[in-house]
Amino acid sequence: MGVSRRSFLKASGLGYLVLGTSSAVAWAGSERPTNDRIRVGVIGCRNKGYNVLREILRTGRAVCVAMCDVDNEVLQRRAAELKKDMGQTPKLYVDFRKMLENRELDAVVVGSPDHWHCLHAVYAMEAGMDVYVEKPLANSIHECNLIAAAAERYGRVVQVGQQQRSGDVWNGLMNYLRSGELGELRRVNCWANFAYGAGAPRVPDTSVPEGVDFGLWLGPAPERSFNASRFHGNWRHFWDYGGGLMTDWEVHLLDMALWAKNITAEPTNVSGFGKNLSGLDRDRETYDTQSALYELDDFLIYWQQNGGVERGPYGKSYGVEYVCDRGTVVADREDWTLYPEGKDGSTEQAYAFKLRSGRSDMELHVNNFLDCIHSRNKPNCSVELGRNVALYAHFGNVLARTDSGSLRWNASQQQFVANAAANRMIVPEYHHGWKLPDV
Ligand SMILES: NC(=O)c1ccc[n+]([C@@H]2O[C@H](COP(=O)([O-])OP(=O)(O)OC[C@H]3O[C@@H](n4cnc5c(N)ncnc54)[C@H](O)[C@@H]3O)[C@@H](O)[C@H]2O)c1
């Protein structure tokens, strides 16, 4: 069977499509009237948390009643913006525990650094709220498990902030890959090359900036002096708070590999390497140069990251390459391109597709969250999907940090096979009196 532009569109369902990709909304039998506005709060509002909140408010289907941040400058600035742009005046909090006592809240956006996701998400669910939690689901394997268990125990809706799961480009691509037009999908290569992945410039420690509750920023992480290169935004390069490009980007892109084959099983075999090999004047612990190879039954997934540079395969700093029998598809958040195989094995003309409905991945993803709060359906990026891909990413980091070369995982025991060093990284040690939640 030849691969043509027309068959390509037909198989992807895009010839006649389709504005929006959210799952069907089952209003009937929902818990609350659909014209009710959801009362939402946000924990951590400097960057992505505020971005998610704004998308939610833009739908006109929600109102912001609470905002929390441990940096008073951030909190006041975002509150002023919210009042000016959207006319909303939520109650403001420094301590999330106080915010969660606010019985007005229906739902909470968790936009804090990764080391806080577990406590913020679990306590919000325990307080009866639905949760939009940013990716990666949590900063360790065990914390991912706790959030998934809490969603089950408290019956809460959890949308994980992997917005590509709701996006047009990716939904159309999944339809196409599953149509069989290209034959078997046997390998997916994903990459993320970003300058910021080398960390921030080294700067000396300073006193804590005025208005910052640094104790509440560190939370369960170990005691450490204040340093701007480990603080706002930059925390992602330090193991106590984040996992580098691996957990920042792999969870988005590797998820697109798993989704193509609807893989929901935990990883079993991973091999790879991670080191800091360049830009050693920058401040970081996570790796600038890292690869992981995930071996599944009939499928290989390969991840590579290069912090400190922006160039990558096909001229893209990040992307996903799907290698199939009759062609290769290369995708990013903007478009995808098909490189069909020729009859003699040569590569024929490539077709590029920009397949947008005009609604952004974020707009679709937050609408899907609100739909599910009403319907109690599973959101497009359920806690189970978010947990699973976060495990793939954490395995890559555990592997590199223990210099193990390869790891095998026993899913029923939730342990790595014969690797004590790797097993010690499953459950994080909590500090400053914080305890792993009892779920
Ligand atoms: N889905 C995406 O495309 C996407 C993009 C960027 C970031 N993210 C995710 O969003 C999360 C936040 O990242 P960011 O770039 O916004 O980080 P950031 O450092 O810019 O912002 C985090 C905010 O949380 C606040 N904070 C820290 N501890 C807190 C606590 N205990 N209570 C209340 N507030 C607290 C900080 O003061 C800061 O204002 C991360 O998990 C990140 O991976 C997702």
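Residues numbered from 1 in each chain as written. Predicted model: local features only at pLDDT ≥ 70, side-chain atom pairs only at ≥ 80, totals over all residues. Heavy atoms only, no water.

Considering the domain arrangement of the protein
Once the domains are mapped, the protein shows domain 1 (21-164 + 370-382) and domain 2 (167-320 + 386-423). In this structure, domain 1 and domain 2 have C-alpha centres spaced 24 Å apart. At the junction of the two partners, domain 1 supplies 31 residues and domain 2 supplies 40 residues. Carbon and sulfur atoms make up 58% of the surface buried where domain 1 meets domain 2, a total of about 2,900 Å² over both sides. Residue K135 pairs with D248 through a salt bridge whose shortest N-O separation is 3.0 Å. On the surface where domain 1 and domain 2 come into contact, there are 20 residue pairs in polar contact (both at pLDDT 80 or more). When residues of the side of domain 1 that touches domain 2 are traced back to their parent elements, those giving at least two are α3 (72-86) and α6 (141-154). Its residues placed into classes, the side of domain 1 that touches domain 2 shows 14 nonpolar, eleven polar and six charged. (Domains from an automatic or database assignment. Contact = heavy atoms within 4.5 Å. Buried area = accessible area lost by both parts, 1.4 Å probe. Salt bridge = Lys/Arg side-chain N within 4 Å of Asp/Glu carboxyl O. Polar contact = N/O pair within 3.5 Å; in protein donor to acceptor, adjacent residues only side chain to side chain. Helix = DSSP H or I, 4+ residues; strand = E, 2+ residues; numbered from the N terminus. Nonpolar A, V, L, I, M, F, W, Y, C, P; charged D, E, K, R; others polar.)

So, the packing of aromatic side chains
The description of an aromatic ring pair uses the distance of the two centres, along with the angle that the planes make with each other. Under the criterion given, the structure shown has 23 aromatic pairs. Relative to Y241, the ring of W217 lies with its centre 5.0 Å away and its plane at 65°, an arrangement referred to as edge-to-face. Taken together, the residues span a long stretch of sequence, with W217 in helix α8 (residues 214-218) and Y241 in the loop between α8 and α9 (244-260) at a distance of 24 residues. In this pair, the class of W217 matches that of Y241, namely buried. Through a chain of ring-to-ring contacts, three or more aromatic side chains come together here, namely F214, W217, F226, F231 and Y241. Note that R236 overlies the ring of W235, its terminal NZ or CZ placed 4.6 Å from the centroid. If you follow K261 out to its NZ or CZ, it ends over the ring of F299, 5.0 Å from the centre. (Phe/Tyr/Trp six-rings, centres within 6.5 Å; stacked < 30°, edge-to-face > 60°. Buried < 20%, exposed > 50% of the residue type's maximum accessible area, 1.4 Å probe, protein only. Lys NZ or Arg CZ within 6 Å of the ring centre and 35° of its normal.)

Considering the sheet that holds strand β15 (residues 336-340)
The mixed open sheet is built from ten strands, whose spatial order is β16-β15-β14-β13-β7-β12-β11-β9-β17-β18. With one partner strand each, in any of the chains shown, β16 (351-353) and β18 (415-416) form the two edges of the open sheet. Judged from the seven bridges that link them, strand β7 (residues 185-192) and strand β13 (residues 318-324) form a sheet pairing that is antiparallel. Residue pairing in the sheet places C190 in a bridge with V320 of β13. On the sheet, helix α11 (residues 383-401) packs against β9 (269-275), β11 (289-296), β17 (406-410) and β18 and is oriented at approximately 120° with respect to β11. (Pairing = 2+ DSSP bridges. Axes fitted to C-alpha atoms, helices over the stretch in contact; angles between N-to-C directions.)

A word on the pairing of strand β1 (residues 38-43)
The buried fraction of β1 amounts to five of the six residues, a majority that puts the element mostly inside the structure. Examined bridge by bridge, β1 and strand β2 (residues 62-68) share six bridges and lie parallel to one another. Looking at β2, one finds that I43 is bridged to C68. Handedness of the crossover is the feature at issue here: the chain leaves β1, passes through helix α2 (residues 48-58), returns alongside β2, and the resulting connection is right-handed. As paired strands, β1 and strand β4 (residues 107-110) are joined by four bridges and run parallel to one another. For G41, the partnering residue across the bridge sits in β4 and is V108. (Right-handed = clockwise from strand over helix to strand, strands pointing away.)

Let's talk about the nonpolar core
Of all hydrophobic cores here, the largest spans 103 residues; its most connected members are W170, W303 and Y322. Among the elements that take part in this core, α9 stands out by supplying eleven residues, more than any other. Two domains each donate at least three residues to this core, and these are domain 1 (21-164 + 370-382) and domain 2 (167-320 + 386-423). I56, L57, C64 and L82 belong to the second largest nonpolar core, which has 25 residues in total. (Core = buried A, V, L, I, M, F, W, Y, C linked by side-chain atoms within 4.5 Å.)

Description of the state of the cysteines
Here is the idea: a disulfide is a covalent bond, and it sits between the sulfur atoms of two cysteines. Under the counting rule described, the total for this entry stands at zero disulfides. Not engaged in a disulfide, the cysteine C45 finds its nearest cysteine sulfur in C68; these two sulfurs lie 7.7 Å apart. Summary of cysteine pairing: C190 is not part of a disulfide, and the nearest cysteine sulfur, belonging to C324, is at 13 Å. (Disulfide = S-S within 2.5 Å.)

Re the pattern of salt bridges
Within the structure shown, the criterion is met by 26 salt bridges. In this structure, R165 and D255 form a salt bridge, with 2.8 Å as the shortest nitrogen-oxygen distance. Placement of the pair is R165 in the loop between β6 (158-160) and α7 (168-178) and D255 in helix α9, with a sequence separation of 90 residues. Judged by relative accessible area, which is 7%, R165 ranks as buried. When its relative accessible area of 2% is taken as the criterion, D255 is described as buried.

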